[in-house]
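A look at the structure
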Amino acid sequence: MRPPRSLSIFMLAASMMIGQAVTAILLAAVARLAGPDGFSPVAVALAVGSAAALVIDFGTNSFWVREVARGSLAGGEAIARLQAKIVYALILSGLAMVLAASFHSAWLAYAAVFSVGQVGLQGALIPFRWRSEVRAVATTQIVERISALAIFGLAIVVEGRLRAAEFFVVATGCSQLGWSAAVLLREHRRTMVSRLKIDAWKPWAGSSAFGGSAFAGALQNNDISVLRSVSNSFEVGLYGAVSRWTQPMGILASSTCQSLIPSVAAAPTARQGWALLREKAWILYLSFLGCVAVALSAPLTVPLLLGDAYAGSKEILAILSIATIPGILNQVLTAFLQARGREGFAAVSLAGAVILDLSLVVILQTGFGAAIAFAAMQCALCLALFGGVRRTLNE
């Protein structure tokens with residue numbers, strides 16, 4: 001399989017960066033309008049919803065991309081399994097909404113919407129990924145985020161800012177589910193999936209090791225929930241308001257991995273697959289520079305975007321930005337190990353690092369402490385994954 005060009009990777013990175021920038025704008029607007037206490041349910045819901053989406057996915061997206069690239073799984077069968085997974089996600093989301101209504105839990109209702117939206121949208125993109133249709137992935141991601149921003153802005157203009165958190169949830173859910181349906185209908189016709197076979201109703205079959213990594217990632221995304229259980233809503237708000245600002249710096253690494261995984265998986269040897277990653281590794285230097293820039297500008301950007309109420313978030317953002325540098329490397333190393341069949345080692349390494357992270361969050365009990373815990377996790381994981389890659393290359 002021919003690897004994508006650097007221009008294609010930049011196109012995907014640009015779309016992901018625009019999407020993350022729009023998300024950051026939305027979160028900053030909600031945080032400023034609602035304040036730290038009002039933003040706390042949204043921060044918790046984002047963490048829980050993302051974790052739930054990872055658990056529901058259980059690594060199937062990456063597993064299907066690898067297997068289709070290897071020729072071990074037909075595209076039509078993968079689409080059928082994807083449809084079954086989304087059906088399960090809708091059922092679980094509906095049950096969560098019922099519980100939220102019964103216990104008057106706003107954050108649980110928000111999390112239900114976030115989780116099913118992420119499962120649908122990320123799943124809908126995988127046919128483009130295994131066919132290396134970078135432009136389709138880029139276009140879908142940009143249009144979906146702009147749609148969410150438009151819906152949110154319209155709701156604020158029409159109804160006012162008092163229900164900003166609810167409008168953010170509605171805008172995100174409607175945009176993600178709407179575009180997921182549009183893409184999947186197109187793929188359904190293209191692959192001629194006429195019905196879901198019995199085997200398709202077991203979408204997680206064969207992805208246990210990928211699922212282990214997904215489950216560990218879901219636990220790590222719950223660092224905000226753990227912080228909420230041992231601290232107060234103000235500390236949660238300080239950490240949650242900037243915890244996702246570091247994601248754009250990992251965009252180039254993520255786009256590199258997404259673009260190259262099919263080629264790395266199809267490479268005859270591990271060294272040839274590693275050479276493909278190293279060929280594009282120079283792109284990551286841009287991400288490293290971005291991390292340093294965000295860390296240095298934190299004292300200015302946090303008060304400007306969030307207001308003086310979030311003064312304590314300046315140090316948190318600086319630490320998270322620097323800690324994202326080893327996090328970028330971890331994305332690449334994990335993708336290589338999974339593509340070459342070492343997903344079990346990657347899952348165990350990630351699980352150990354997440355245990356370290358959450359343990360430190362419990363011990364330190366502040367937003368600043370949660371940032372320190374994140375940094376310790378990324379450094380420990382990077383050392384472990386480097387060891388796994390060396391063993392893989394020497395086999």
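To be clear, the structure that these remarks concern was listed above.
Residues numbered from 1 in each chain as written. Predicted model: local features only at pLDDT ≥ 70, side-chain atom pairs only at ≥ 80, totals over all residues. Heavy atoms only, no water.

**Looking at the packing of helix H8 (residues 223-230) against helix H14 (residues 343-364)**
Using the following cut-off: Lines fitted to C-alpha atoms define the axes here, with helix axes fitted over just the stretch in contact, and angles between the N-to-C directions of these axes take values from 0 to 180 degrees. Numbering goes from the N terminus for both helices and strands, where a helix is a DSSP run of H or I of at least four residues and a strand is a run of E of at least two. Here is the rule for angles: anything less than 35 degrees is roughly parallel, anything more than 145 is roughly antiparallel, 65 through 115 is roughly perpendicular, and the remaining ranges are oblique. Handedness of a helix crossing follows the sense of rotation of the near helix relative to the far helix, less than a right angle counterclockwise being left-handed and clockwise being right-handed. Every residue pair with non-hydrogen atoms within 4.5 Å of one another is taken to be in contact. Charged means Asp, Glu, Lys or Arg here, nonpolar means Ala, Val, Leu, Ile, Met, Phe, Trp, Tyr, Cys or Pro, and polar covers whatever is left, Gly included.
Where H8 meets H14, the closest approach of the two axes is 9 Å, and the angle between their N-to-C directions is 25°. Considered as vectors, H8 and H14 are oriented roughly parallel to each other. The way H8 lies across H14 gives a crossing that is right-handed. Contacts between H8 and H14 involve Asp223, Val226, Leu227 and Val230 on the former and, on the latter, Asp357, Leu358, Val361 and Val362. Here the contact of H8 with H14 is composed, by residue class, of 6 nonpolar, no polar and 2 charged.

**Points about unusual backbone geometry**
What counts is decided by this rule: Exposure categories follow from relative accessible area, calculated using a 1.4 Å probe and restricted to protein chains: below 20% of the type maximum is buried, above 50% is exposed, and the middle band is partly exposed.
Of note, His104 is a non-glycine position whose phi angle comes to about 50°, a positive value. Turning to its location among the elements, His104 is positioned in the loop between helix H3 (75-103) and helix H4 (106-130). The exposed category is assigned to His104, whose relative accessible area is 73%.

**Observations regarding H14**
Here is the rule: Multiplying 1.5 Å by the residue count of a helix minus one yields the expected span of that helix. Directions drawn from the helix axis to the C-beta atoms are what define this arc.
Across its 22 residues, H14 extends 32 Å between first and last C-alpha, which sits within 8% of the 32 Å expected from 1.5 Å per residue. Glu343, Ala346, Ala347, Ser349, Leu350, Ala353, Val354, Asp357, Leu358 and Val361 are the residues of H14 that are buried. When H14 is viewed along its axis, its buried side chains cluster within an angular range of 165° and face the same direction. Looking at H14, the residues exposed on the side facing more than 90 degrees away from the buried face are Val348, Ile355 and Ile363. Tucked into the core, H14 has its buried residues touching helix H2 (60-70), helix H7 (208-221), H8, helix H13 (313-339) and helix H15 (367-394). Phi turns positive, to about 65°, at Gln365, one or two residues after H14.

**Thoughts on the packing of helix H12 (residues 284-306) against H13**
Closest axis-to-axis distance for the H12/H13 pair is 8 Å, and the angle between their directions is 170°. Relative to H13, H12 is oriented roughly antiparallel. Facing Leu284, Ser287, Phe288, Cys291, Val292, Val294, Ala295, Ala298, Pro299, Thr301, Val302 and Pro303 of H12, the residues of H13 in contact are Ser313, Lys314, Leu317, Ala318, Ser321, Ile322, Thr324, Ile325, Ile328, Leu329 and Val332. Counted by class, the contact of H12 with H13 contains 17 nonpolar, 5 polar and 1 charged residues.

**Describing the state of the cysteines**
So the rule is basically this: The term disulfide is used for any two cysteine sulfur atoms that are within 2.5 Å.
Tallied over the full model, the rule gives 0 disulfides. Between Cys382, a free cysteine, and Cys379, which holds the nearest cysteine sulfur, the sulfur-to-sulfur gap is 7.4 Å. You can call Cys382 buried: its relative accessible area is 9%.

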